[in-house]
Amino acid sequence: MGKGDRNTRRMRLFVEEVQNNARLELIDELVSPSFHNHSAEPGRGEDREGVRAAVAALHAAFSDLRVEVKQCVGEGDLVATHKVLRGRHTGEWAGIAPSGRPFALEVMDLVRYRDGLQVEHWSVADALGFLRQTGALPGGRDRDTSEG
């Protein structure tokens, strides 16, 4: 089994157990102490503790949060994922008051692994779509947020 296969399995474990099930205690087993998030939101830590805070904040702001991996591809020490986060916006997120609306947020991540641990992260998310779906911007819900 190659490094890419092992790392994609580690990424899927991170998504299922940490992001979906909020098992924050697993972050120390999956994310390096020297981790650096190149795409951290302003005011959020760029280190491993920032990962812990971000996951906790996601679960505080979004009820019924589920992260679905659409694609997960690994090559060498890099893993790329296309994910969709779904839930209901029931808590404040990035200064946006809870709307109570469902949302589907598409995210593309690139993570570098070293010795089975995440060491670097880059991300692009459809923030504009999220703002429209939650009513924070004009345009209403511009995409289907249902499963599928």
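These numbers were taken from a predicted model, which means no experiment stands behind them.

(A) Quick look at helix α3 (residues 48-61). Helix length check: α3 (14 residues) gives 20 Å between terminal C-alpha atoms against 20 Å at 1.5 Å per residue, within 8%. Within the sequence span of α3, burial applies to Arg 48, Gly 50, Val 51, Arg 52, Val 55, Ala 57, Leu 58 and Ala 61.

(B) Looking closely at the side chain of Lys 83. Mapping Lys 83 onto the fold places it in strand β3 (residues 78-89). Within the structure, Lys 83 has its side chain in polar contact with the side chain of Asp 109 (distance 2.6 Å). Beyond its immediate sequence surroundings of up to four residues, Lys 83 is in contact with Val 15, Gln 19, Val 67, Glu 68, Val 69, Lys 70, Leu 105, Glu 106, Val 107 and Asp 109.

(C) Looking closely at unusual backbone geometry. One non-glycine residue, Ala 22, lies in the positive phi region at around 55°. Among the secondary structure elements, Ala 22 is positioned in the loop between α1 (3-20) and α2 (27-30). Although it is not a glycine, Asp 64 sits at a positive phi angle of roughly 55°. Mapped onto the fold, Asp 64 is located in strand β2 (residues 62-75).

(D) Spatial organisation of the pattern of salt bridges. Tallied over the full model, the rule gives 11 salt bridges. For the salt bridge of Glu 16 with Arg 66, the shortest nitrogen-to-oxygen distance reads 3.4 Å. Of this pair, Glu 16 sits in helix α1 while Arg 66 sits in strand β2, and the two are 50 residues apart along the sequence. The closest approach of N and O atoms between Glu 17 and Arg 23, which form a salt bridge, is 3.3 Å. Arg 23 gets classed as partly exposed once you look at its relative accessible area, which sits at 33%.

Cut-off values and rules
- Residues numbered from 1 in each chain as written.
- Predicted model: local features only at pLDDT ≥ 70, side-chain atom pairs only at ≥ 80, totals over all residues.
- Heavy atoms only, no water.
- Helix = DSSP H or I, 4+ residues; strand = E, 2+ residues; numbered from the N terminus.
- Expected span 1.5 Å × (residues − 1).
- Buried < 20%, exposed > 50% of the residue type's maximum accessible area, 1.4 Å probe, protein only.
- Polar contact = N/O pair within 3.5 Å; in protein donor to acceptor, adjacent residues only side chain to side chain.
- Contact = heavy atoms within 4.5 Å.
- Salt bridge = Lys/Arg side-chain N within 4 Å of Asp/Glu carboxyl O.

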